[in-house]
Every structure is written in structure tokens, then in C-alpha cells.
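# Summary of the model geometry
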Amino acid sequence: MDKPELVDLTEKQKKARRWRSIAIGLALAGLVVIFYVATLAKFGPAILNRSF
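Analysis parameters
- Residues numbered from 1 in each chain as written.
- Predicted model: local features only at pLDDT ≥ 70, side-chain atom pairs only at ≥ 80, totals over all residues.
- Heavy atoms only, no water.
- Helix = DSSP H or I, 4+ residues; strand = E, 2+ residues; numbered from the N terminus.
- Rg over C-alpha atoms; globule rule 2.2 N^0.38 Å.
- Buried < 20%, exposed > 50% of the residue type's maximum accessible area, 1.4 Å probe, protein only.
- Areas by Shrake-Rupley, 256 points an atom, 1.4 Å probe, with all protein chains shown as cover.
- Lys, Arg positive; Asp, Glu negative; His and termini not counted.
- Charge placed at Lys NZ, Arg CZ, Asp CG, Glu CD.
- Salt bridge = Lys/Arg side-chain N within 4 Å of Asp/Glu carboxyl O.

Moving on, we come to the overall build of the chain. A tally of helices and strands in the chain yields one helix and zero strands. The C-alpha radius of gyration computed for the chain amounts to 22 Å, which surpasses the reference 10 Å derived for 52 residues by more than 25%, pointing to a less compact arrangement than a globule. Taking the principal axes of the C-alpha coordinates as reference, the chain spans close to 65 × 30 × 10 Å. By residue count, 0% of the 52 residues in the chain fall in the buried class. A total of about 5,600 Å² of accessible surface is found on the chain, and carbon and sulfur atoms cover 66% of it. Seen as two clouds, the 9 positive and the 4 negative side-chain charges of the chain have centres 20 Å apart.

As C-alpha cells, this is what we get:
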């Protein structure tokens, strides 16, 4: 079986990839915060009431 060809990235491409990864991570973290805040806003104080 043939080995796949590997591409050597330039420093500019590596830097762009790093910043893109950071941006995706921050976007995901922001979504988590938005969903958390939306959940708290939806349930409000009732989220602490655990009467079964």
C-alpha cells in the first residue's frame, strides 16, 4: 500500500490554522455560555426547587 503524501505547511499556514482553531474554540465556549444562561433564564428560580 502506498504511503499518503504529506504536505509541509508554511509558517503562515500554521499560524492561520492555530488562530482558526482558537476562534472555533472560543465560539464553542460562547455557545456553551449562551445555552447555560438561556437555561437559567428559562427555568429561573424554579431550577432550585427540587420537590418530587
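Quick look at the pattern of salt bridges now. Side chains that carry opposite charge are capable of pairing whenever their charged atoms lie near each other. In total, this model carries one salt bridge according to the counting rule given. Here Glu11 ties to Lys14 by a salt bridge, and the two come within 3.8 Å at their closest N and O atoms. Residue Glu11 and its partner Lys14 are located together in helix α1 (residues 11–43), separated by three residues, close to a single helical turn.

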